[in-house]
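Spelled out from the first residue to the last, the chains are:
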Amino acid sequence: VPTKVHFGKGQISHLAEEIRAHGSKVLLVYGEGSIKRNGIYAAVTGILNEGGIEYVECGGIVPNPRISSARKGIALCREHGLDVVLAVGGGSVIDISKAIAAGYYYDGDPWDLVLTGHRKMPPFPVERALPIVAVLTIAAAGSEMDPSAVINNEDTWDKLGFGYSPMRPVSVIMDPQYTYSVPRDQTAMGVVDIMSHAMESYFNNVPGAYLQTKISEAVLKTCVRYGMRACEEPRDYEARANLMWASSWAINSMIARGCRVVWSLHPMEHELSAFYDVPHGAGLAVLIPYWLRFMLSGKTAWRFVEYGVNVWGIDGSLDEMEVARRSIEKTKAFFDQLGMPTTLRQIGIMDDRDFAVMAKKSERLDGAFVPLSKEAIVEIFRKAL
Ligand code: NZQ
Ligand code: ZN
């Protein structure tokens, strides 16, 4: 993974050198203001000012970030001749920074890049992007160390993931203390998101990928061990640090190498976020138990047994289906403990009127652990209602 990581207390001291290694004029991208309240903005701009590094601000990036923000950021980079994108925030800020960085070199609308990247088709391969330096403020999406971004189009009600290797951040500052101010619910949603990334890779049909499976289990167990601790003790460094590192590892490609599967859970959740603007982690928490139950059968139970025994400590001598079912119950009970919603109604989705359209867009038939047809997805949504 080529991203250079500065991990630990005080690592912001490397910021100026990292920017200078890649350019001199910065687009400073951030969210809706948390960095101004917790002092990270002051620390970052202090370093930029002291180092004589020019910067232009692009703040106000919202969760489920909009393509219009990418258009704005690209225009600012061109107008001011900026050559580095500095993303200070979480997945939403870093993802928009990726769309800006890639869109900078493309003459058309950046949504073209999202569409073609999402469908993995020509004619617009992204061969270069502005360098992205990130300062991570929340453990969740893992965008800090991966080449992907997920962007909402407010005009078409789409939320689509796309990935190109030049969009992977060149460098990231990860100071776990920066996550002390993340509210309890956001912390919990982050834990669910990290777990979901490990699960998307873990539930695969590749036999014998032992090491990847064990690393995935370690990521999952880290979330189980430290998730509640970070919620209850927000300034617990060990908990925050382990979750932050888990967020990167869950999705930085290492655990998926050699046992790649087509992700089937995320496309469903992205539809919830596209149509109803729900937070990603909350949508996942509702869907995961239903998604797991749908995938469980006599044919797939062996994988659930591994998951139940190794992640949740369930007695492996029990009947295979019993272990598998208990593993799903344990997962759900953990999400309950975290205070996550358990039904779509709790996150504002009151009826099934959009389910057919959403299911059509998120169908995953080839390459998934268990193929999800549109009918299957409608069934999952209805059960989760
Ligand atoms: O906007 P501000 O005011 O900064 O507040 C944010 C936001 O409200 C707040 N926050 C972040 N750091 C904080 C903090 N509040 C207090 N103290 C801090 N230190 O947290 C809220 C959520 O921020 P966001 O960036 O949206 O969170 P997250 O990292 O969970 O990112 C979610 C986005 O990432 C996408 C999701 O779909 C969603 O749009 N994903 C990106 C992926 C990728 N690039 O590979 C993969 C993921 O599966 C995910 O889909
Ligand atoms: Zn996710």
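Structure shown above.
Computed from a predicted model, the values in this text were never measured in an experiment. (Residues numbered from 1 in each chain as written. Chains lettered and ligands numbered in written order. Predicted model: local features only at pLDDT ≥ 70, side-chain atom pairs only at ≥ 80, totals over all residues. Heavy atoms only, no water.)

Trainee: When you look at unusual backbone geometry in this model, what are you seeing that I'm missing?
Mentor: Working note: non-glycine residues mostly have negative phi, and peptide bonds are mostly trans. Notably, Trp-157 is not glycine yet its phi reads approximately 60°, a positive angle. When you line up the elements, Trp-157 lands in the loop between β6 (148-153) and β7 (158-163). Residue classification places Trp-157 among the partly exposed residues on the basis of a relative accessible area of 46%. (Helix = DSSP H or I, 4+ residues; strand = E, 2+ residues; numbered from the N terminus. Buried < 20%, exposed > 50% of the residue type's maximum accessible area, 1.4 Å probe, protein only.)

Trainee: How should empty space enclosed by the protein be read in this particular structure?
Mentor: Over the atoms a probe the size of a water molecule is rolled, and this reveals where empty space is left. Tallying each qualifying case throughout the model produces 4 cavities of 30 Å³ or more. In this model, the largest cavity occupies a volume close to 80 Å³. Lining the largest cavity are Ile-138, Ala-139, Thr-179, Val-182, Thr-187, Gly-190, Val-191, Ile-194, Arg-240 and Leu-243. Where the lining of the largest cavity is concerned, the elements lending two or more residues are α7 (184-202) and α9 (237-249). A per-element tally of the lining of the largest cavity places α7 first, with 4 residues. (1 Å grid on protein atoms, 1.4 Å probe; cavity = no way out; pocket = protein on both sides within 12 Å on 5 of 7 lines; lining within 4 Å. Points joined across faces, edges and corners; volume = space filled by probe spheres on them.)

Trainee: Any chance you could explain helix α6 (residues 110-118) here in plain terms?
Mentor: For an α-helix, the turn length of 3.6 residues means that residues three or four places apart are oriented alike. Along α6, the residues classified as buried are Pro-110, Trp-111, Leu-113, Val-114, Thr-116 and Gly-117. Among the structural elements, α4 (67-80), α5 (91-103), β6 and β7 are those in contact with the buried residues of α6. Positive backbone phi, approximately 50°, marks Lys-120, located one or two places after α6. (Contact = heavy atoms within 4.5 Å.)

Trainee: Looking at this structure, how should I read the sheet that holds strand β4 (residues 84-89)?
Mentor: What holds strands together in a sheet is hydrogen bonding between their backbones, with the strands either parallel or antiparallel. Pairing in this open sheet of 6 strands is parallel, and the strands run β1-β8-β5-β4-β2-β3 from one edge to the other. Strands with a single pairing partner mark the edges of an open sheet, and in this sheet they are β1 (4-7) and β3 (54-58). Direction aside, neighbouring strands of the sheet carry axes that sit 20° apart on average. Here β4 pairs with strand β5 (residues 132-136) via 5 bridges, running parallel. (Pairing = 2+ DSSP bridges. Axes fitted to C-alpha atoms, helices over the stretch in contact; angles between N-to-C directions.)

Trainee: What am I meant to see in the coordination of the zinc ion (ligand 2) here?
Mentor: For the zinc ion (ligand 2), the full set of protein donor atoms is Asp-193 (OD), His-197 (NE2), His-266 (NE2) and His-280 (NE2), and the range of their distances to it is 2.0 to 2.2 Å. Look at where the donors of the zinc ion (ligand 2) fall in the sequence and you get D-x3-H-x68-H-x13-H. Taken together, the residues Asp-193 and His-197, both in helix α7 and 4 residues apart, mark about one turn of the helix. There is no split in this pair, since Asp-193 and His-197 are both buried. (Donors = N, O, S within 2.8 Å, 3.2 Å for Na, K, Ca; no water.)

Trainee: Help me out: how do you make sense of the pattern of salt bridges in this one?
Mentor: Side-chain pairs of opposite charge can arise whenever the charged atoms involved come near each other. Applying the stated criterion to the full structure yields 17 salt bridges. With its nearest N and O atoms 2.9 Å apart, the salt bridge here joins Glu-217 to Lys-214. Of this pair, Glu-217 and Lys-214 both sit in helix α8 (residues 210-232), 3 residues apart, roughly one helical turn. A relative accessible area of 27% places Lys-214 in the partly exposed class. For the salt bridge of Glu-306 with Arg-303, the shortest nitrogen-to-oxygen distance reads 2.9 Å. Taken as a pair, Glu-306 and Arg-303 lie in helix α12 (residues 301-312) at a separation of 3 residues, close to a single helical turn. Residues participating in the shared-partner salt-bridge network are Asp-158, Glu-271 and Lys-361. (Salt bridge = Lys/Arg side-chain N within 4 Å of Asp/Glu carboxyl O.)

Interpretation note: all reported values are geometric properties and have no functional meaning in isolation.
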